[in-house]
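# A closer look at the structure
Below, each chain spelled out in residue letters.
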Amino acid sequence: MINQEMKKAVLDSFKKVYGDNDEVKAYFAPGRVNLIGEHTDYNGGHVFPCALTIGTYGAAAKRDDRKLRFYSVNQDRLGVIESSLDDLNPSDKAGWTNYPKGVVWAFEKRGMKLDKGFDLVISGNIPNGSGLSSSASLEVLTGFILRDLYGFEVSNQDLALIGQYSENNFNGCNCGIMDQFAVAMGKDDNAIFLDTSDLSFEYAPIKLDGAKIIIANTNKKHKLTDSQYNARRSMCEKALAIFQNKLDIKGLGDLTIEEFEANKGLLTDPDMQKKAKHAVYENQRAIEAVKALKAGDIEHFGKLMRQSHESLRDDYDVTGVELDTLAEEAWKIPGVIGSRMTGGGFGGCTVSIVRDDAIENFKKTVGENYRKKIGYDATFYTVEIGGGPEVI
Ligand code: GLA
């Protein structure tokens, strides 16, 4: 569902910043929310995200020289940030433009060289720093624009892989494939049940009769996400290497709960054991949750969401008082089917499934108790599941 005002704003802004250009086209790529299967995607496990109708809008046109010019409506005080195809290196000074630049760099790494530069304006309606994948959205948007402007032959799945590659190798976050995949492969009203061990996936329709998906943003300001995230990932890799001395597995996601329990003694560091436990149990929870959903058992899906949060809180240690407060307060409200943190954690958002007649009370009560405990407001959004990137 394209927001016509956002589209107009990004095109008007393009004209204002770069002048008239008959060739300019407008584009959209969604944000995403993960329903269950957290911190499993770099462990060869399953995830269950969906694309949202909020996301990143872009207006772009090719240039006649090798310049790259970027402008963000959300960060207009930064003005136009200029670069060139001859300077595809990350730098602090480049700020947010490191994401689109990284994608150009990753295209070139794959042999898809740009003959000319481009002018780009972006404008997003994903709340900033919310963990709803504004960076993956921008990466996939950029890849989609490059494909359209330069005629590269590259599938949407490849756009996801290129986005992840650029984030890992140009922007220094060792993220898994979930976010970029959800953004690039989104489908209206469907979540994506993805097996990250081989990228096989299926769409699962989300029909919430009489309930909605509500996102609650902690609005937590300072996040150390990248370094903590990379630390969790390397801990899981170490645990895997220890298991591999005995077991023939490619990722922690290959382990059943029984296999994990029988072999967990190999991990003598208790902290490492807890982290690996989360990866194994969360993967099995994601599989079970999708089964429950298909069987129409939304209540069970909701219980698994709660268990997911508890595991992320107690074993994986990526929640923090803000996310815990939002989830724990939500669990107390009648009509809340399930609630959990979503995304990398340490801040960002929770995702909740709430019955229509409970939404008002949910927002009011959780909101008040959050403010009392944390000292500032959370923000609530009712979201809809949208499709993948498109020319608009
Ligand atoms: C971030 C990463 C994803 C995934 C989640 C946790 O969003 O970008 O790859 O690992 O955290 O599930």
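Structural data are supplied above this passage.
Everything in this summary refers to the structure shown in the same document. (Residues numbered from 1 in each chain as written. Predicted model: local features only at pLDDT ≥ 70, side-chain atom pairs only at ≥ 80, totals over all residues. Heavy atoms only, no water.)

### Digging into the layout of surface pockets
What counts, and what does not: Using a 1 Å grid laid over the protein atoms alone, points where a 1.4 Å probe fits but cannot get out form a cavity; open sets with protein on both sides within 12 Å along at least 5 of 7 lines form a pocket; any residue with an atom within 4 Å of a point counts as lining. Grid points are joined across faces, edges and corners, and a volume is the space filled by probe spheres set on the points. For helices the rule is a DSSP run of H or I covering at least 4 residues; for strands it is a run of E covering at least 2, with both sets numbered from the N terminus onward. Domain extents, as shown, originate in an automatic or database domain assignment.
Estimates place the volume of the largest pocket at around 1,100 Å³. Put simply, the parts of the chain that give the lining of the largest pocket at least two residues each are β3 (49-62), β6 (118-124), α3 (134-150), α5 (178-184) and α6 (225-244). Of all the elements, α3 adds the most residues to the lining of the largest pocket, at 4 residues. If you count residues domain by domain, the lining of the largest pocket takes at least three from each of domain 1 (4-206) and domain 2 (211-383). In this model, the second largest pocket occupies a volume close to 250 Å³. Considering the residues around the second largest pocket, the lining is formed by 13 residues, among which K207, L208, L293, G296 and I298 are closest to the centre. Secondary structure elements with two or more residues in the lining of the second largest pocket: β8 (200-205) and α8 (270-294).

### Focus: the sheet that holds strand β12 (residues 379-383)
For clarity, the cut-off: Any two strands between which DSSP finds at least two bridges are classified as paired. What counts as an axis is a line fitted to C-alpha atoms, over the stretch in contact for a helix, and the angles between N-to-C directions run from 0 to 180 degrees.
Pairing within the open sheet is antiparallel, and its 4 strands lie in the order β10-β11-β9-β12. With one partner strand each, in any of the chains shown, β10 (336-342) and β12 form the two edges of the open sheet. When the angles between neighbouring strand axes are averaged without regard to direction, this sheet yields 25 degrees. Where β10 and strand β11 (residues 349-355) come together, 6 bridges link them in antiparallel fashion. Across the sheet, the residue bridging to M341 is T350, located in β11.

### Focus on the packing of helix α2 (residues 98-109) against α3
What counts here: To sort the angles, those under 35 degrees are grouped as roughly parallel, those over 145 as roughly antiparallel, those from 65 to 115 as roughly perpendicular, and the leftovers as oblique. Left-handed describes a crossing in which the near helix is turned anticlockwise from the far one by less than a right angle; the clockwise case is right-handed. Only heavy atoms matter for contacts: two residues are in contact if any of them lie within 4.5 Å across the pair. In this count, Pro and Cys sit with the nonpolar residues alongside Ala, Val, Leu, Ile, Met, Phe, Trp and Tyr, while Asp, Glu, Lys and Arg are called charged and the others, Gly among them, polar.
The geometry of α2 relative to α3 is characterised by a closest axis approach of 9 Å and an angle of 50 degrees between their N-to-C directions. Taken together, the axis directions place α2 and α3 in an arrangement best described as oblique. In this structure, α2 crosses over α3, and the sense of that crossing is right-handed. From α2, Y99, P100, V103, V104 and F107 reach across to α3, where they touch S135, L138, E139, T142, G143 and L146. Here the residues of the contact of α2 with α3 are counted per class, giving 7 nonpolar, 3 polar and 1 charged.

### Structural notes on the nonpolar core
Heads up, the rule is: Here, nonpolar core refers to any group of buried Ala, Val, Leu, Ile, Met, Phe, Trp, Tyr and Cys residues whose side-chain atoms link them within 4.5 Å. Think of it in three bands: residues with accessible area under 20% of the maximum for their type are buried, residues over 50% are exposed, and the middle band is partly exposed, with areas taken using a 1.4 Å probe on protein chains only.
Membership of the largest hydrophobic core comes to 44 residues, with the highest contact counts inside it found for F107, L114, F118, L146, F152 and F181. When residues of this core are traced back to their parent elements, those giving at least two are β1 (25-34), β4 (67-72), α2, β6, α3, α4 (156-169), α5 and β7 (190-195). In terms of residue count, α3 provides more of this core than any other element does, 9 residues in total. In this structure L114 touches R66, L85, V104, E108, L146, Y150 and F152, once residues within four positions along its chain are discounted. Counting residues in hydrophobic clusters, the runner-up holds 31 residues, among them I36, I206, A289 and I385.

### Notes on the pairing of β8
As judged from the 6 bridges shared by β7 and β8, these two strands associate in the antiparallel manner. For L194, the partnering residue across the bridge sits in β8 and is F201. Linking β7 back to β8 in an antiparallel pair, the connection comprises 4 residues, with L199 at a positive phi of about 60 degrees.

### Some remarks on the site of the ligand
Under the convention used in this document: In these notes, residues near a molecule or strand are those with any non-hydrogen atom within 4 Å of it. Side-chain atoms alone can form a polar contact between residues adjacent in sequence; in general such a contact is a pair of N or O atoms within 3.5 Å, and within protein one must be able to donate a hydrogen while the other accepts it. Each accessible area is a Shrake-Rupley result for a 1.4 Å probe, and residues are judged covered by the shown protein chains and nothing else. Molecule-in-pocket calls rest on the fraction of atoms, with more than half required to lie within 2 Å of the cavity or pocket grid points.
Residues in contact with the ligand, as listed here, are R32, E38, H39, D41, Y42, C175, G176, M178, D179, Y229, G343 and G344. G176 places a main-chain nitrogen or oxygen 2.9 Å from an oxygen atom of the ligand. One nitrogen or oxygen atom from the side chain of D179 is found 2.6 Å from an oxygen atom belonging to the ligand. Coverage of the ligand by the protein amounts to 92% of the 300 Å² it exposes when considered alone. The cavity that encloses the ligand is the largest pocket. In the shell around the ligand, the residues fall into 4 nonpolar, 4 polar and 4 charged. A domain split of the shell around the ligand shows at least three residues from each of domain 1 (4-206) and domain 2 (211-383).

### Thoughts on the pattern of salt bridges
Cut-off, in case you're wondering: Salt bridges are counted wherever a side-chain nitrogen of Lys or Arg sits within 4 Å of a carboxyl oxygen of Asp or Glu.
Under the defined criterion, the tally for this structure stands at 28 salt bridges. As a salt-bridge pair, D314 and R313 come within 2.7 Å of each other at their nearest N and O atoms. The exposure class of D314 is partly exposed, given its relative accessible area of 40%. Since its relative accessible area comes to 24%, R313 is described here as partly exposed.

### Some points on the packing of aromatic side chains
Two numbers describe a pair of aromatic rings. These are the distance of the centres and the angle of the planes. To keep things clear, this is the line we draw: Two rings from Phe, Tyr or Trp (for Trp, the six-membered ring) form a pair when their centres are within 6.5 Å of each other. A pair whose planes differ by under 30 degrees is stacked, one over 60 is edge-to-face, and the rest are tilted. The rule is short: NZ of Lys or CZ of Arg within 6 Å of the ring centre and within 35 degrees of the ring normal puts a charge over the ring.
One pass over the full model with this rule turns up 18 aromatic pairs. Centre to centre, the rings of F48 and F193 are 6.2 Å apart; their planes meet at 85 degrees, and the pair counts as edge-to-face. Here the residue F48 occupies a position in the loop between β2 (46-47) and β3, and F193 occupies one in strand β7, the gap between them amounting to 145 residues. Relative to F152, the ring of Y150 has its centre 5.8 Å away and its plane inclined at 15 degrees; by these criteria the two rings are stacked. Chaining the aromatic ring pairs together yields one cluster made of F48, F193 and F301. Note that K277 overlies the ring of Y281, its terminal NZ or CZ placed 5.3 Å from the centroid.

These values are about where atoms sit, not about what they do.
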